[in-house]
Amino acid sequence: MAGEEEMIVDPPEKNTTQPKKSGGFELPWVEKYRPILLKDIIGNEETVTRLEIFAKEGNVPNVIIAGPPGTGKTTSILCLARALLGSSFKDAVLELNASNDRGIDVVRNKIKMFAQQKVTLPKGRHKIIILDEADSMTDGAQQALRRTMEIYSKTTRFALACNSSDKIIEPIQSRCAVLRYSRLTDAQVLSRLLTICEKETVSYTDDGLQAIVFTAQGDMRQGLNNLQSTFQGFGHVNSENVFKVCDEPHPLLIKDMLQHCVDGKIDEAYQVMSHLWKLGYAPEDIIGIVFRVCKTFNMAEYLKLEFIKEIGYTHMRIVQGVNTLLQMSALLARLCKISVISKEDSQ
């Protein structure tokens, strides 16, 4: 009987250990390393300092945080709510993504019912309703929200995160303190990537991290997702692997192509463009990388301005639908012509 009891006890022990491993491994690093405190947020220091003052004093106005994706808007609001409410955070915070729940019924039902609820809070604190992607809300929902904000102003505060504050109606904007976030600098993104590489023991090269910073374009979420995807897909983070994961034209190829244009070598420049075209990259992606590489390319300032002007015109035509290889080749021809004429003038 003792042997049989041991047989019954063993299997549950094996089952309980397995999910922990897989569950821990699958957690995205974006969530795993999401800051908990306001002081841990990277970038936009001035705005975060204002939020820290709100947290200390406890008198928080309704807030709109506007800025590009991946700069820490929602994270900042959650950190502020934790600092204000402490242990009451779960009961006193309602988080809605307005891109899904964006109709007038949500304002009338979910938001209004939560605002009416009685919750025990520290003295001078308020319940917080977080509306993510608030610029996706319909006009009707925004009009209903305006009235709700007035009625429950004694007990509830609203925090809205959006990419563009212009899409939020002016009556709501006038009831809120509008805070603006900007894109993170390359140095700020890189410092966070290095911290996470150390914690996750990621194998990387310097050019690999530079490639991730380049593809992130000031978006921390994009940078962390690219880092995790590259590491878990290839086991090593270098520039080649990063651009395979992100599926973007390699900046070094674009750099070579621009150098040929500066030298006035149209045939060599066209070979690079033809190669990128055969690899299947969209014209929008190619022209976008050409612009970003050109901005930091080492060339005479007046020449760079002329190059950027021509790249801009071509980008406009591509957006309008003229996105053929002929259009891209014409850009190279114009860049070479500008370079040759500038050399002749200087002589």
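Starting afresh in each chain, residues are numbered from 1 along the sequence in its written order. With pLDDT at 70 or above as the cut-off, local features in this predicted model cover only qualifying residues; side-chain atom pairs require 80 or more to be listed or tallied, and sums for whole chains, interfaces and linings still use all residues. With hydrogens and water excluded, all non-hydrogen atoms of the structure serve as input to the side-chain values.

Going by what an unreviewed UniProt entry lists, the protein chain is known as Replication factor C subunit 2 and is assigned to Octopus sinensis. UniProt positions are given in the numbering used here, feature names are shortened, and annotations may be inferred rather than shown by experiment. Looking at the Sequence similarities (unreviewed entry) heading of the UniProt record, one finds this comment for the protein chain: "Belongs to the activator 1 small subunits family." The UniProt entry for the protein chain carries the following text under Subcellular location (unreviewed entry): "Nucleus".

By definition, any uninterrupted DSSP run of H or I lasting at least four residues is a helix, any uninterrupted run of E lasting at least two residues is a strand, and each is numbered from the N terminus. Secondary structure assignment for the protein chain yields 17 helices and 5 strands. Note on method: radius of gyration uses C-alpha positions; expected globular size equals 2.2 Å times residues raised to 0.38. Computed over the C-alpha atoms, the radius of gyration of the protein chain is 26 Å, more than 25% above the 20 Å expected from 2.2 N^0.38 for a compact globule of 347 residues. Considering only C-alpha atoms, the protein chain reaches an extent of 80 × 70 × 35 Å along its principal axes. Taken across its 347 residues, the protein chain has 45% of its residues classed as buried. A fraction of 74% describes how many contacts in the protein chain between residues 6 or more apart in sequence connect residues 24 or more apart. For the protein chain, the exposed area adds up to about 19000 Å²; of that, 52% sits on carbon and sulfur atoms. Counting rule for charge: Lys and Arg are taken as positive, Asp and Glu as negative, and neither His nor the chain ends is counted. We put the charge of a Lys on NZ, of an Arg on CZ, of an Asp on CG and of a Glu on CD. Positive and negative charge centroids in the protein chain, built from 42 and 43 side chains respectively, lie 9 Å apart. Note on classification: 1.4 Å probe, protein chains only; a residue is buried when its accessible area is under 20% of the maximum for its type, exposed when over 50%, partly exposed between these limits. Should any heavy atoms of two residues lie within 4.5 Å, those residues are counted as being in contact. The method behind every accessible area is Shrake-Rupley, applied with a 1.4 Å probe, and residues are considered shielded solely by the protein chains displayed.

Here we come to the side chain of threonine 314. Turning to its location among the elements, threonine 314 is positioned in helix H16 (residues 301–319). Here a polar contact is recorded for every N or O atom pair within 3.5 Å, except that within protein the pair must consist of a potential hydrogen donor and a potential acceptor, and residues adjacent in sequence are included only if both atoms are side-chain atoms. In terms of polar contacts, threonine 314 uses its side chain to reach the backbone carbonyl oxygen of glutamate 310, at 2.9 Å. Residues contacting threonine 314, with those up to four places away along its chain left out, are Ile287, Gln327, Leu331 and Arg334.

Let's shift gears to the packing of helix H10 (residues 206–216) against helix H12 (residues 239–246). Between H10 and H12, the least distance of the axes is 7 Å, while the angle of their chain directions is 30°. Here H12 runs roughly parallel to H10, going by the angle between their axes. Along its contact with H10, which presents Asp207, Gly208, Ala211, Ile212, Phe214 and Thr215, the element H12 presents Ser239, Val242, Phe243 and Cys246. The residue classification treats Ala, Val, Leu, Ile, Met, Phe, Trp, Tyr, Cys and Pro as nonpolar and Asp, Glu, Lys and Arg as charged. All others, Gly included, are polar. Taken together, the residues of the contact of H10 with H12 break down into 6 nonpolar, 3 polar and 1 charged. An axis is simply a line fitted to the C-alpha atoms; with a helix, the fit covers only the stretch in contact. Between two such axes, the angle follows the N-to-C directions and lies from 0 to 180 degrees. Every angle not falling under 35 degrees, over 145, or within 65 to 115 is termed oblique; those three ranges are roughly parallel, roughly antiparallel and roughly perpendicular.

Further remarks concern the packing of aromatic side chains. A pair of Phe, Tyr and Trp rings is counted when the ring centres sit within 6.5 Å of each other, with Trp represented by its six-membered ring. The angle between the planes then sorts it: under 30 degrees is stacked, over 60 is edge-to-face, the rest tilted. The final tally for this structure, using the stated rule, is 2 aromatic pairs. A centroid spacing of 6.3 Å and a plane angle of 35° characterise the contact between tryptophan 29 and phenylalanine 231, whose relative ring orientation is tilted. Of the two residues, tryptophan 29 sits in helix H2 (residues 29–32) while phenylalanine 231 sits in helix H11 (residues 220–234), which places them 202 residues apart along the sequence. A residue is classified by how much of its surface remains accessible, and tryptophan 29, at 3% relative accessible area, is buried. In our convention, an over-ring charge means Lys NZ or Arg CZ found within 6 Å of a ring centre and within 35 degrees of that ring's normal. Here the basic side chain of arginine 82 rests over the ring of phenylalanine 89, its NZ or CZ set 5.1 Å away from the ring centre.

For the rest of this paragraph, the subject is the pattern of salt bridges. Each reported salt bridge corresponds to a side-chain nitrogen of Lys or Arg within 4 Å of a carboxyl oxygen of Asp or Glu. By the definition in use, this model includes 7 salt bridges. In this structure, the salt-bridge partner of glutamate 150 is arginine 175, at a minimum N-O distance of 2.3 Å. Taken together, the residues span a long stretch of sequence, with glutamate 150 in helix H7 (residues 139–151) and arginine 175 in the loop between helix H8 (170–174) and strand S5 (177–180) at a distance of 25 residues. Residue class for arginine 175 comes out partly exposed when judged on its relative accessible area of 28%. Among the salt bridges present, the one from lysine 309 reaches glutamate 306, with a minimum N-O distance of 3.6 Å.

What follows covers the environment of lysine 110. Positionally, lysine 110 belongs in helix H6 (residues 104–116). The partly exposed category is assigned to lysine 110, whose relative accessible area is 42%. When the C-alpha positions of lysine 110 and leucine 80 are compared, they lie 22 Å apart, and in sequence the two are 30 residues distant.

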